[in-house]
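Inside the fold
Below, each chain spelled out in residue letters.
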Amino acid sequence: MIFKEALRRELSFTTGGVFLVLVTIMVTTLVIRILGYAANGAVNPEDAIVLIALATLGYLAVLLTVSLFVATLIVLVRWYKDSEMIVWFASGLSISNLIRPILQFATPLIIIIALLALFVWPWANRETTLISQRFQQRDDVSMVSAGQFKESARAERVFFIEELDVDKSEVKNIFVADNKNGRLSIAVASTGYIQNSEGGEKSIVLHNGRRYEGQPTQPDFRILEFDDYTTKIRSKETLAPAPRDREKTVTELLNDLNPAALNANRAELLWRIGLPLMALGLVLIAIPLAYVNPRLGNYTAMFYAVLIYLIYSNLLNLTQNFVSQGKFSVFVGIWPIHLLALLIATVLIRNRINPSVKWWRRQLPTSLTKK
């Protein structure tokens, strides 16, 4: 019991530490990427923090899977290095006795990984798409603010309003620059107002101003004076885009029988179910993998751990692509990788229990063994 309590305590602290490090790296990467999108005008800078939070929530399942695998490996490697495993073996226990306490610790985390992959992942992706779509579908009048130059969603119009009375829909000192079909048109006026038209369209009406068309060096350049000049503003309602497979809930994936999206839906479901199964397989592999041979060094297990995780993750993604392309059924693709991980863990554990005896030789007939 003392060893098991110590094991659970160390696993808790180590998993938390590894998880915080991975989250920090992930958030730093997302900050750089999303701020780059905001600088290019792809997303609203005011939504940057929300988008970073949603992206982090979406990847929590993957981060928690890696944290559980690495933490199990780190704790057991330290036990081997500090000779605590020698005390464990001297107490009449074997490496197989580590499986139960480690699985007792890992089971709640694996359940959390499953919930994150099945429910939080599609919700975060869906909200990210809605926020981005809302920014792309914004109307021009929503971007008008006093004392600032604002560019339209299609980058074909620039507004500047010095004063804006939202309650009265009145504007003062207006500057509107249009660039359509390669022809520049600039309208300026001292006063104006925002007009609501039928069909939901909005316009800005300018009073007693001037309009400049074309280039000053060209013969078709014109300067016009007007009493009233109306420039239309496209007023768009934010429409919910059709969800992609990564944005669909489990119910939508199961109920969508559209032949065009059927394979993609099944492939997405396979990946979500496969993530907690991968976490279980990695934890079982980490138990025998943590054995430290002083002649090989203390970081050999970490090298193999990175290699195993990359292979496991890529095989899962490859299986998802094969199912999405219809090369084989989801029922065929869901079990081979995880069964292989379980067999590898079983073989490694049996080898650690009897490292000097080939356990498979005991399964052969006596006559074949003598030969």
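Residues numbered from 1 in each chain as written. Predicted model: local features only at pLDDT ≥ 70, side-chain atom pairs only at ≥ 80, totals over all residues. Heavy atoms only, no water.

1. Overview of the pattern of salt bridges
By the definition in use, this model includes eight salt bridges. The closest approach of N and O atoms between Glu225 and Arg210, which form a salt bridge, is 3.2 Å. Of the two residues, Glu225 sits in strand S6 (residues 222-233) while Arg210 sits in strand S5 (residues 202-213), which places them 15 residues apart along the sequence. Glu225 gets classed as exposed once you look at its relative accessible area, which sits at 62%. (Salt bridge = Lys/Arg side-chain N within 4 Å of Asp/Glu carboxyl O. Helix = DSSP H or I, 4+ residues; strand = E, 2+ residues; numbered from the N terminus. Buried < 20%, exposed > 50% of the residue type's maximum accessible area, 1.4 Å probe, protein only.)

2. Some thoughts on the packing of aromatic side chains
With the rule as written, the count across this model stands at six aromatic pairs. Measuring from centroid to centroid gives 5.9 Å for Tyr59 and Trp121, while their planes differ by 70°, and the two rings are edge-to-face. Taken as a pair, Tyr59 in the loop between helix H2 (48-58) and helix H3 (60-81) and Trp121 in helix H5 (residues 99-136) lie far apart in primary sequence, 62 residues in all. Seen in terms of ring centroids, Tyr80 and Tyr291 are 5.4 Å apart; in terms of plane orientation they differ by 85°. Their pairing is edge-to-face. Here Tyr80 is found in helix H3, whereas its partner Tyr291 is found in the loop between helix H7 (259-289) and helix H8 (300-324), with 211 residues between them in sequence. Residue classification places Tyr80 among the buried residues on the basis of a relative accessible area of 15%. (Phe/Tyr/Trp six-rings, centres within 6.5 Å; stacked < 30°, edge-to-face > 60°.)

3. Observations regarding H7
Residue pairs spaced three or four apart in an α-helix point in one direction, given the helix's 3.6 residues per turn. Taking 1.5 Å of rise per residue, 31 residues should cover 45 Å, and H7 covers 44 Å from first to last C-alpha, within 8% of that figure. Of all the bends in H7, the greatest reaches close to 30° and is centred on Leu275; the proline Pro276 follows between one and four positions later. (Expected span 1.5 Å × (residues − 1). Bend = angle between axes of the 7 residues up to and from the residue.)

4. A short note on unusual backbone geometry
A positive phi is found at Asn173, a non-glycine position, where the angle reads about 55°. Looking at the secondary structure, you find Asn173 in strand S3 (residues 170-180). Residues other than glycine seldom take positive phi values, yet Asn208 does so here, at roughly 50°. Mapped onto the elements, Asn208 comes out in strand S5. On the basis of relative accessibility, which here comes to 57%, the residue Asn208 falls in the exposed class.

5. Some words on the side chain of Thr129
Relative to the helices and strands, Thr129 resides in helix H5. Judged by its relative accessible area of 17%, Thr129 is buried. Within the structure, the side chain of Thr129 is placed 2.5 Å from the side chain of Glu247, a separation counted as a polar contact. (Polar contact = N/O pair within 3.5 Å; in protein donor to acceptor, adjacent residues only side chain to side chain.)

6. Comments concerning a nonpolar patch on the surface
There is a patch of nonpolar side chains on the surface, built from Phe303, Tyr304, Leu307, Ile311, Leu315 and Leu318 and spanning about 560 Å² of accessible area. Mapped onto the secondary structure, Leu318 falls in helix H8. Overall, Leu318 belongs to the partly exposed group, its relative accessible area being 39%. (Patch = residues over 30% accessible without salt bridge, like charges linked within 9 Å, V, L, I, M, F, W, Y side chains within 5 Å. Areas by Shrake-Rupley, 256 points an atom, 1.4 Å probe, with all protein chains shown as cover.)

7. Some thoughts on the packing of H8 against helix H10 (residues 336-353)
Two elements in contact, H8 and H10, have axes separated by 10 Å at closest approach and are oriented at 155°. Put simply, H8 runs roughly antiparallel to H10. Contact with H8, carried on its side by Tyr312, Leu315, Leu316 and Thr319, involves Ile337, His338 and Ala341 of H10 and no other residues of that element. Along the lines of polarity and charge, the residues of the contact of H8 with H10 split into five nonpolar, two polar and no charged. (Axes fitted to C-alpha atoms, helices over the stretch in contact; angles between N-to-C directions. Parallel < 35°, antiparallel > 145°, perpendicular 65-115°, else oblique. Contact = heavy atoms within 4.5 Å. Nonpolar A, V, L, I, M, F, W, Y, C, P; charged D, E, K, R; others polar.)

8. What about the environment of Leu270?
In this structure, Leu270 sits in helix H7. Placed 63 residues apart in sequence, Leu270 and Gly333 show a C-alpha to C-alpha distance of 7.9 Å. In this view, Leu270 contacts Leu316, Thr319, Gln320, Val323, Val330, Gly333 and Ile334; residues no more than four positions away in its chain are not counted.

9. Quick notes on the pairing of S3
In this structure, strand S2 (residues 157-165) lies alongside S3, joined through eight bridges in antiparallel fashion. Bridge pairing links Phe160 to Phe175 in S3. Looking at chain direction, S3 and strand S4 (residues 183-196) are connected through 10 bridges and run antiparallel. Residue pairing for S4: Glu170 is matched across the bridge by Tyr193. Connecting S3 to the next strand, S4, in antiparallel fashion are two residues, including Asn181 with a positive phi near 55°. (Pairing = 2+ DSSP bridges.)

10. Considerations on the environment of Glu268
Among the structural elements, Glu268 can be located in helix H7. Classification of Glu268 as buried rests on a relative accessible area of 4%. A sequence separation of 23 residues divides Glu268 from Asp245, and the C-alpha atoms of the two residues are 6.4 Å apart. Apart from residues no more than four positions distant in its own chain, Glu268 is found in contact with Trp121, Asp245, Arg246, Leu253 and Gln320. Among the polar contacts listed, one links the side chain of Glu268 to the side chain of Arg272, at a separation of 3.0 Å.

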